[in-house]
Amino acid sequence: MLFKKKRLAVAITVYWILLGYIVSGLVWWFIALETQNQQMAALKVRQMKMDTPDYITRYDAIFTEENKKTAQYIGEGSTFLLSFLLGAGFVYREVRRQIRLQQQQQNFMMALTHELKTPIAVTKLNLETLRKHKLDEQRQQKMIRAALQETDRLDVLANNILIASQLEGVGYVQSKESLDLSGLVEASMQDFRHRFPDRPWEQHIEPGCTILGDVILLQLLVSNLVENALKYSPREGAIDVKLEHKGRHVLLSVKDQGPGIPDDEKKRIFGKFYRMGQEATRRTKGTGLGLYLCLKIAQDHKATLKVADNSPVGSIFTVIFKTR
Ligand code: ADP
C-alpha cells in the first residue's frame, strides 16, 4: 500500500514537471519568435534608404507585417496552450477519478470480507452455544434473535451485491407491475420492528399508495434507507418512516436523528462504494453500495431520491414516485 502511494506520488510529480516543462518551453518559443520578429523588422528598416521614394509606405508595411506576425504568434500560441491545458486537466481529473475508484474498490473488498465474516462467525457461535449448553428460554431467544439479525444483514448485503452487478449489466429483468407500496413498506417496517424491538420507531403509512414498480427492488430500496437510519443514529434516536400521497406523487421519507450529512457530501454519498470519512477511523460497518443502489432503483422507477437535513439533527431521505 505504502509502495503504491509512493509510486503514485512519483507519477504525479513527473506529470507536473513535464507539464511545467512543456508550458515554459512554449513561452520560451514565443519569446524567441517575437524577438526574431522584432529584429527582422528593425533590420528591414535599417536596410531601407532614407531617400527611397515610398519610404513612409514601406516603413508602415514593415511594422504592419511585424504586428500581424505578433498577433499570429499570440493567437496560435494561446490556442495551443489552452487546448493543451484543457487536455492535461481532463487527463488529470480522469486519472484522479480512476485512482479514487480503485481505492474505494479496495476498501469495498476489505469491508466485504469483514461484512461476510462477522455474521457468519456470530451465527455459528450462537448456534454452537445453543447446541452445547442448556440455556434458559430468555437467553435462548436472545441468541436466536442475534443470529437472525446477522443473517438478515447478510441477506441484505448479498442482495445489494447481486442486484448492483445485475442492474449494471443486463442480468436483472425488472417486472414493473402495479403494486401496493403501502403494504410493502408496512411489511418491511414490521420486520424491522421485530428485529430491533428496542429502537423507538415512528411510522405514518397512508394506505392505498399504489405505484408501478418492481417488488424486489423496492423492498431493497426501503430496507437500505431504514438500515442506514438504524446504523447511523444513536440507539435512543427515533426513526420516522412516512409514506403519503402528495398530488400526483407518492412520497416515501425516512428520518433519523443521527449526525446528519454535510452539504458537500450530499451528492457524493450516492456514488458507488463511497463511504464518508476516513477508512482508518470509521467505526460503522458497510460497503458503500446501499445508497448507490437506492439511487439507481429510484431512477429506474422514474422517481427522485433526495437527502436533506432533519431538524434539529439527522437526515431525511425522500423518494418521490410518480403515480401515473
Ligand atoms: P454504507 O452504509 O454501506 O457505508 P451507503 O451507500 O448506504 O453505504 O452510504 C454511503 C455513506 O453515506 C455512508 O458510509 C455514510 O457515511 C453516509 N450515510 C448514509 N446514510 C446515512 C444516514 N442516515 N445518516 C448519516 N450518514 C449516512
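A brief structural summary. (Residues numbered from 1 in each chain as written. Predicted model: local features only at pLDDT ≥ 70, side-chain atom pairs only at ≥ 80, totals over all residues. Heavy atoms only, no water.)

**Points about the site of the ligand**
Note the following rule: We define proximity as follows: a residue is near a molecule or strand when any one of its heavy atoms falls within 4 Å of that partner. Any pair of nitrogen or oxygen atoms within 3.5 Å is treated as a polar contact; in protein, a donor-acceptor pairing is required on top of that, and neighbouring residues in sequence qualify only through side-chain atoms on both sides. Helix and strand assignments follow DSSP, with helices taken as H or I runs no shorter than four residues and strands as E runs no shorter than two, numbered in order from the N terminus. Only Asp, Glu, Lys and Arg are considered charged in this grouping, and only Ala, Val, Leu, Ile, Met, Phe, Trp, Tyr, Cys and Pro are considered nonpolar; every other residue, Gly among them, is considered polar.
Residues in contact with the ligand amount to 17 residues; listed here are only the nearest, Tyr232, Asp256, Arg275, Thr287 and Leu291. Within the contact set of the ligand, an oxygen atom lies 3.4 Å away from a backbone nitrogen or oxygen of Met276. Counting only elements with at least two residues in the shell around the ligand, the list comes to helix 5 (215–231), helix 6 (290–300) and strand 7 (315–322). The class makeup of the residues in the shell around the ligand is 8 nonpolar, 6 polar and 3 charged.

**Things to note about the packing of helix 4 (residues 181–195) against helix 5**
We apply this condition: Between the N-to-C directions of two axes lies an angle of 0 to 180 degrees, each axis being a line fitted to C-alpha atoms and, for a helix, fitted only over the stretch in contact. Each angle is binned into one of four classes, with values under 35 degrees roughly parallel, values over 145 roughly antiparallel, values of 65 to 115 roughly perpendicular, and all other values oblique. By the definition used in this description, the sense in which the near helix is turned from the far one sets the handedness, with an anticlockwise turn below a right angle giving left-handed and a clockwise turn giving right-handed. Should any heavy atoms of two residues lie within 4.5 Å, those residues are counted as being in contact.
The geometry of helix 4 relative to helix 5 is characterised by a closest axis approach of 10 Å and an angle of 40° between their N-to-C directions. One way to sum up the angle between helix 4 and helix 5 is to call them oblique. Considering the relative orientation of helix 4 and helix 5, their crossing is right-handed. Across the interface between the two elements, Leu181, Leu184, Val185, Ser188, Met189, Phe192 and Arg195 from helix 4 touch Val215, Leu218, Gln219, Val222, Ser223, Val226, Glu227 and Leu230 from helix 5. Residues that form the contact of helix 4 with helix 5 fall into these classes: 10 nonpolar, 3 polar and 2 charged.

**A short note on the sheet that holds strand 2 (residues 201–205)**
Threshold: A pair of strands is treated as paired once DSSP finds two or more bridges between them.
Spatially, 2-4-5-7-6 is the arrangement adopted by the 5 strands of the open sheet, whose pairing is mixed. Among the strands making up the open sheet, the edge pair consists of strand 2 and strand 6 (304–309). Sheet twist, expressed as the mean angle between neighbouring strand axes with direction ignored, is 15°. The sheet contact formed by strand 2 and strand 4 (residues 239–246) spans 5 bridges and is parallel. Note on strand 4: the bridge partner recorded for Glu202 is Asp240. Most of the contacts of helix 5 go to strand 7, to which it runs at about 165°, and overall it touches strand 2, strand 4, strand 5 (249–255) and strand 7.

**Here's the deal with the environment of Lys272**
Put simply, the test is: Think of it in three bands: residues with accessible area under 20% of the maximum for their type are buried, residues over 50% are exposed, and the middle band is partly exposed, with areas taken using a 1.4 Å probe on protein chains only.
On the secondary structure map, Lys272 appears in the loop between strand 5 and helix 6. Looking at Lys272, the relative accessible area reads 26%, which means it is partly exposed. Here the alpha-carbon distance between Lys272 and Leu293, two residues 21 residues apart in the chain, equals 8.1 Å. In this view, Lys272 contacts Gln104, Glu168, Gly288, Leu289 and Tyr292; residues no more than four positions away in its chain are not counted. A distance of 2.8 Å separates polar atoms of two side chains, one belonging to Lys272 and the other to Glu168.

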